[in-house]
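Chain by chain, the residues run as shown.
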Amino acid sequence: MRELKIFAVVAIFSGILYYGVEPFAHGQMHKHVDSNGLVYDGKADIAEASKDKKEAKTKFWAEVAEIAKLKGDVAAGEGGYAMCMGCHMDGIPNMGGVVPPSLEHAGAIYDKNYLIALVKDPAMASNVDHKYADTMMHPMGSVGSMFPTPQSIADVVAYLQAKKAGDVTPKVAYEEACMRCHANRYGKLTHLGTAPVTKSNIMTGYDVEGMKFKQKVAEEQALVAAYMGKLPPDLSIIYRARSHHFLETLIENPQGQLAGTAMPRVGLNQNGMDKVMKYLQETGDPSKPKREALGPWVIGFFVIFTILAYLWKQAHWRDLH
Amino acid sequence: MAHFKKANSLNEWMDQRLGVNTLKKVMQSEYWIPKDINFLWAMGMVLAATFGILVVSGIFLLMYYIPDTKLAFDSVNYITMTEVGYGWLWRHVHGIGASLVFLIIYIHMFTGIYYGSYKRGRELIWLSGMLLFVLFSAEAFSGYMLPWGQMSYWAGMVITNLFEGFSPDFAGGALNSPALVEWIRGDYVPDQAFLGRFFMLHVFLMPLMIIGVIVLHFGTLRLPHVNNQEGADIDFDEAAALWKAGNKKESKVIPFSPVFLSKDVFVLGVYFILFFYLVFYNFSFAMDPVNFDPADGLKTPAHIYPEWYFLWSYEILRPFSKDLGLLAFIFAQGIFFALPFLDRSPNVAPAGRRGLFNIWFWILLIDCIILTFMGKLPPEGIWNVIGFWAAITFFALWIALPIITMLEKKK
Ligand code: HEM
C-alpha cells in the first residue's frame, strides 16, 4: 500500500510536469486560429482588412455570393474553359513567377465559391490583394476581363465542377495545389514536377541530363523566389514541424496564421484538404501505419514480461516478512 | 607465476583465472540491500537500463547519420525515418530514452534528497551521481545538435553564447571572452566545425565518460550500501549472517541477486510499458516540432527554448540582466553538488520526519517544477513575474538550508 501511495505521488508530479511543458505551454505559445470550416465567404478577409479596404472586400464577397446562386451552364462553360487553358495548359512555362498549375482536378479539390472568386479577381480571392496596387497585375489577374459577366463565371465554374472533378490521388492534389511554390524532396517533387530518370555517363561519372534538369529547377526556383520575396519552404516534413490544425487553417487563410505573408490562400474543399494533408503526412510521417501495426505487439510483450517478472518477484519476496 | 590446478568445470576454470565466484559474491549474491526499501530504489537500475537502450539505439542511428551540415537533416529525417527498415523505431526509442532518462534522474535525485541518502558515508555516491547528471546534460545537448534543425542551430547558438562570460563592464572585462565562444564553435557561428565536434562528443567522448562514471557511481555504493526507507543504521555483517543462517524473516537485508533483482526487473517491466507507449503513441514531447524545420541561420524561431529537462536552469538565468543571470545560472548548476555539505544535520531520515527540512524539500520540488513551466512560456507579463520570484525562491532555499538543518534536533 505504501508503495502505491508513493507511486501515486510520483505519477501526479510527473503528470503535472508533463501538462505544464506540453499542452499548457504550447497553448500559450501559439495563438489559436479558428477554421472557417472551409467556407469561403471572405469573413476573415473583411475582419482583418484595413479600413480603406473593408468596403471593397465586403462588396467583392457579396458579389461572389450572388454569382454562386446562379445556375451555371456546363456546355457554355466549356468555351470559357478554353480561355483558362491559354495559361493552364500542360507544359506552359513560368508565368509571372510560377508555372500555372494543371486544372485537371480543379472541380474536385477547390471549393465552388472560391473558384468563383478566383475567376472574378484572383488577388482578392487568395487574399493577397495588398501586394498589388491594381489587382489586375496578379499573374492571373487578366482573367477577370475574360469573364466579364456573372453568368460567364458561373458557367465556367459549373464546367469545372462537372467535368474536372474526377478522383484525385493525394500526390496529384499536392501537385496541382502546392507544387508550383513548394517542392517536396522526400516525395521527389521539384517545382517542375518529378525529376526524370536519367543515367550518368559511365566513363565520366557525370549525369548531364540530370544536371540540366537541376539547372532548370534552379532557374524556376529563382523566379518563384523573386515572385514571393523568398523561396517557399520545401514541405517534405512539415507535417512533423506544424500541427495538423495549423496546416489546415494556414491553407484556408494564410494571413490568419502569418499576417502579411506572401503565401496566397489555396481555397481547397474538404476533399482537396484531406488529400493534400494525406500527402504531407505520407512524406513527413511515413511510419504512422507501421507504428500502429507494431505498437500493440511490443506493448503486449512488455505486459506479459511484467506479469512474469511480478510472479518471479513474489516467489522471492513472499517469505521475507 | 601462480600455481594452476586442472579445472573440472568451466566455472572453475574461469574462477581460477578471473575469480568469478568472488566477483559474483561481491556484486550479487552477497551484495546486501536493506529489505526496507520501495520501488524508488529501483530507479538506479532503470537508469542503467535506459542508458543501455540509448547506447544500442544510438549505434543503429549512427550507421546512417552523416555529420555534414548539408546532409545531416535529411540523413536522419529521410534516410533513417523512411529508407531504413525500423529506422523510425530506433529514432523514436532514442528520442524517448533521452527524455525519460532525465525524468528518472530527477526522480532518483529527489529520492536521494528525501531520504537523506547523501550523508553518513554516502557523500561520494551523491557527488558521482551529480557528475553523471552533468555528463548526461552534455550528452543530451550535444545529441540535440545532430539533426541540424532549427532548434539544434539556435539552441546551439544561445548556449554557446553563454561562454562569452560576463559583459565587458563587469570586473573590468576580465571575464569577457568572445574568443572562447569562437574557440568552442570553431567558427564565428555554428557551422561545420561545430557540428563535427559535437558529433564526436555525442558518440564518443561523452558516452565513454558516462560509462566510466557509472562504474564509479556503483563503486561508491558498495561500502556504504544503499540507504533504506527509515534511514536506519543497519549492521550489515550481523544482518547478512542472519540471512545466510536461513533466518530470512529476521534479517534486515536481502542479497542483490536474485532477491532485489527480481523486484528491479518487475519495476523495469512497468517502466517499459510506459516507455513503449510513448515511443509509439506520444513522442512529440521528446522530439520538438520546431526541430523538423531545417537549420536556417537567417531565420530566428519565434520561441527558442531548450528541452524540458533544462528549462528550470534556463529560467533561473532568464529573468535577470546578463551578468546577474550568468551568476545565477552558474550557481544553479553547481549548488546541488554542495548538498551533502550544506545539510548540517547529522540525521539520516526521510524528510517526512525532519520537520523544517520536510517543508524545504517540498518547496524545492514545487519551485523546480514552476521554474520548468516558466522556462518554456514566453517571457512576458505575469510569466516573467512568476519566473523571477521562483528564481529568488530557489536561491533563498539554498541559503536557508544550512540554517534550518543546524536547528534540526539530533535524533
Ligand atoms: C544515468 C545515471 C545514473 C545511473 C545509471 C545511476 C545508477 C544508480 C544505481 C544502480 C543505484 C543503486 C540503486 C538505487 O538506489 O536506486 C544508485 C544509487 C544512488 N544514486 Fe544514482 N545513478 C545515476 C545518476 C544519479 C544522479 C544524477 C544522482 C544525484 C546526484 C544519483 C544519486 C544517487 C544516490 C544518492 C544513490 C543512493 C541511493 C540510496 O542510497 O538510497 N545518481 N544510482
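Here the structure is a predicted model, which means the values were calculated and not measured. (Residues numbered from 1 in each chain as written. Chains lettered and ligands numbered in written order. Predicted model: local features only at pLDDT ≥ 70, side-chain atom pairs only at ≥ 80, totals over all residues. Heavy atoms only, no water.)

## Here we look at the packing of aromatic side chains
To describe a pair of aromatic rings, you give the distance between the ring centres and the angle between the ring planes. The test is simple: Each Phe, Tyr or Trp ring, with Trp reduced to its six-membered ring, pairs with another whose centre is within 6.5 Å; inter-plane angles below 30 degrees give stacked pairs, above 60 give edge-to-face pairs, and intermediate values give tilted ones. When accessible area is computed with a 1.4 Å probe and restricted to protein chains, residues below 20% of their type maximum are described as buried, those above 50% as exposed, and intermediate ones as partly exposed. Ring-over charges, as used throughout, are those where CZ of Arg or NZ of Lys falls within 6 Å of the ring centre and within 35 degrees of the ring normal.
Evaluation of the coordinates by the stated rule reveals 65 aromatic pairs over all chains. On the basis of an interplanar angle of 80 degrees and a centroid distance of 5.0 Å, the ring pair of B:Y114 and B:Y115 is categorised as edge-to-face. Relative accessible area serves as the criterion here: at 5%, B:Y115 is assigned to the buried category. Relative to B:Y281, the ring of B:F280 lies with its centre 6.3 Å away and its plane at 50 degrees, an arrangement referred to as tilted. Residue class for B:Y281 comes out partly exposed when judged on its relative accessible area of 38%. A network of ring pairs unites the aromatic residues B:W312, B:F320, B:F331, B:F336, B:F357, B:W360, B:F388, B:W389, B:F394, B:F395 and B:W398 as a single cluster. Lying across the ring of A:W317, A:K313 places its NZ or CZ 5.4 Å from the centre. Sitting over the face of the ring of B:F357, B:R354 holds its NZ or CZ atom 3.8 Å from the ring centroid.

## Some details on the interface of chain A and chain B
To be explicit about the condition: Note on contacts: a residue pair is in contact if any heavy atoms of the two residues lie within 4.5 Å. Buried area is understood as the total, over both parts, of accessible area removed when two parts are fitted together, assessed with a 1.4 Å probe. One speaks of a salt bridge when a side-chain nitrogen belonging to Lys or Arg is within 4 Å of a carboxyl oxygen belonging to Asp or Glu. Polar contacts here mean pairs of N or O atoms no more than 3.5 Å apart (in protein, one a potential hydrogen donor and the other a potential acceptor; neighbouring residues in sequence count only if both atoms are side-chain atoms). To qualify as a helix, a DSSP run of H or I must reach at least 4 residues; to qualify as a strand, a run of E must reach at least 2; elements of each kind are numbered from the N terminus.
Across the contact, 50 residues belong to chain A and 62 residues belong to chain B. Summing both partners gives a buried area of about 5300 Å² for chain A against chain B, and 72% of it is carried by carbon and sulfur. For the interface between chain A and chain B, the tally reads 5 salt bridges. Here A:E3 and B:K263 are joined by a salt bridge, their closest N and O atoms 2.6 Å apart. Linking chain A with chain B are 18 residue pairs in polar contact (both at pLDDT 80 or more), by the criterion used here. Those elements that provide at least two residues to the side of chain A that touches chain B are α1 (2-29), α12 (238-241) and α16 (288-317) of chain A.

## Digging into the site of the ligand
All names here are of chain B. Here is the rule we go by: Here a residue counts as near a molecule or strand whenever at least one of its heavy atoms sits within 4 Å of it. Lys, Arg, Asp and Glu make up the charged group, whereas Ala, Val, Leu, Ile, Met, Phe, Trp, Tyr, Cys and Pro make up the nonpolar group; the residues left over, Gly among them, are polar.
Contacts to the ligand come from 22 residues, most closely from W41, H108, G129, F136 and H217. Contact distances for the ligand include 2.8 Å between a nitrogen atom and a side-chain N or O atom of H217. Note that an oxygen atom of the ligand is positioned 2.9 Å from one of the backbone N or O atoms of N227. Within the residue set of the shell around the ligand, elements represented by two or more residues are α3 (43-62), α5 (87-115), α6 (123-145) and α9 (192-222). Taken together, the residues of the shell around the ligand sort by class into 15 nonpolar, 6 polar and 1 charged.

## Quick look at the domain arrangement of chain B
Residues and elements named next belong to chain B. As a reminder of what qualifies: The split into domains, and so the bounds of each, comes from an automatic or database assignment of domains.
One can read the domain layout of chain B as domain 1 (21-304) and domain 2 (308-411). The C-alpha centroid of domain 2 is placed 22 Å from the C-alpha centroid of domain 1. Counting from both sides, the interface comprises 35 residues of domain 1 and, opposite them, 37 residues of domain 2. Carbon and sulfur atoms supply 71% of the area buried between domain 1 and domain 2, which totals about 3200 Å² over both sides. On the domain 1 side of the contact with domain 2, F110, Y114 and K119 bury the most area, a combined 21% of that side's loss.

## Details of the domain arrangement of chain A
Along its sequence, chain A is organised into domain 1 (36-197 + 208-286) and domain 2 (294-321). The distance between the C-alpha centroids of domain 1 of chain A and domain 2 of chain A comes to 56 Å.

## What about the coordination of the iron atom of the ligand?
Ideal coordination angles are 109.5 degrees for a metal with four donors arranged tetrahedrally and 90 or 180 degrees for a metal with six donors arranged octahedrally. Residues and elements named next belong to chain B. Rules: Any N, O or S atom lying within 2.8 Å of the metal counts as a donor, with the limit raised to 3.2 Å for Na, K and Ca; because water is left out of the atom set, some sites can appear incomplete. Site shape is set this way: if four donors have all angles between 85 and 135 degrees, tetrahedral; if opposite donors are over 155 degrees apart and all others between 65 and 115, square planar for four donors and octahedral for six; otherwise irregular.
Only H108 (NE2) and H217 (NE2) from the protein reach the iron atom of the ligand as donors, at distances of 2.1 Å. Seen from the iron atom of the ligand, its 6 donor atoms lie at angles of 81 to 178 degrees, and the figure they make is octahedral. Of the two residues, H108 is situated in helix α5 and H217 in helix α9; the sequence distance between them amounts to 109 residues. Residue class for H108 comes out partly exposed when judged on its relative accessible area of 29%. Classification of H217 as buried rests on a relative accessible area of 12%.

## A word on the packing of helix α1 (residues 10-18) of chain B against helix α2 (residues 20-29) of chain B
Residues and elements named next belong to chain B. Applicable threshold: Helix axes are fitted to C-alpha atoms over the stretch in contact, other axes to C-alpha atoms as well, and angles between N-to-C directions run from 0 to 180 degrees. Small angles under 35 degrees read as roughly parallel and large ones over 145 as roughly antiparallel, with 65 to 115 read as roughly perpendicular and the rest as oblique.
Orientation of α1 relative to α2, taken along the N-to-C sense of each, is 80 degrees, at an axis distance of 6 Å. Judged by the angle between their axes, α1 and α2 are roughly perpendicular. Contacts between α1 and α2 involve N11, M14, D15 and L18 from the former and V20, N21, T22 and K24 from the latter. Of the residues contributing to the contact of α1 with α2, the split by class is 3 nonpolar, 3 polar and 2 charged.

## Thoughts on a nonpolar patch on the surface
Residues and elements named next belong to chain B. Threshold: Only residues whose relative accessible area exceeds 30% and that form no salt bridge are eligible for patches; like-charged ones are grouped when within 9 Å, while nonpolar side chains (Val, Leu, Ile, Met, Phe, Trp, Tyr) are grouped when within 5 Å. Throughout, the Shrake-Rupley method with a 1.4 Å probe supplies accessible areas, and for residues the shown protein chains are the sole cover considered.
Residues L62, M200, V203, F204, L205, L208 and M209 make up a contiguous nonpolar surface patch of about 560 Å² in total accessible area. Sort the elements by how many residues they give to the nonpolar patch and α9 lands first, with 6 residues. Within the secondary structure layout, F204 lies in helix α9.

## Considerations on the side chain of A:T261
All names here are of chain A. Following the sequence through the fold, T261 ends up in the loop between α14 (254-257) and α15 (270-284). Side-chain polar atoms of T261 contact the backbone nitrogen of M263, separated by 3.3 Å. If we ignore the near neighbours within four places in the chain, the residues touching T261 are H130, P254 and Q255.

## Comments concerning the packing of helix α13 (residues 244-252) of chain A against α15(A)
Residue and element names in this part refer to chain A. How we decide: Definitions for this section: a left-handed crossing has its near helix turned counterclockwise from the far helix by less than a right angle. A right-handed crossing has that turn clockwise.
Direction vectors running N to C along α13 and α15 enclose 130 degrees, while the axes themselves pass 11 Å from each other. By the angle between their directions, the pair α13 and α15 is classed as oblique. Relative to α15, the crossing made by α13 is right-handed. In this structure, α13 contributes H244, L247, E248 and I251 to the contact, and α15 contributes M273, V276, M277 and L280. A class-by-class count of the residues in the contact of α13 with α15 yields 6 nonpolar, 1 polar and 1 charged.

## Describing the pattern of salt bridges
Taken as a whole and judged by the stated rule, the model has 24 salt bridges over all chains. For the salt bridge of B:D74 with A:R185, the shortest nitrogen-to-oxygen distance reads 2.8 Å. With B:D74 in helix α4 (residues 72-83) and A:R185 in the loop between α10 (170-177) and β1 (189-190), this residue pair bridges two chains. Salt bridges sharing partners connect three or more residues here, namely B:K119, B:D343, B:R354 and B:E408.

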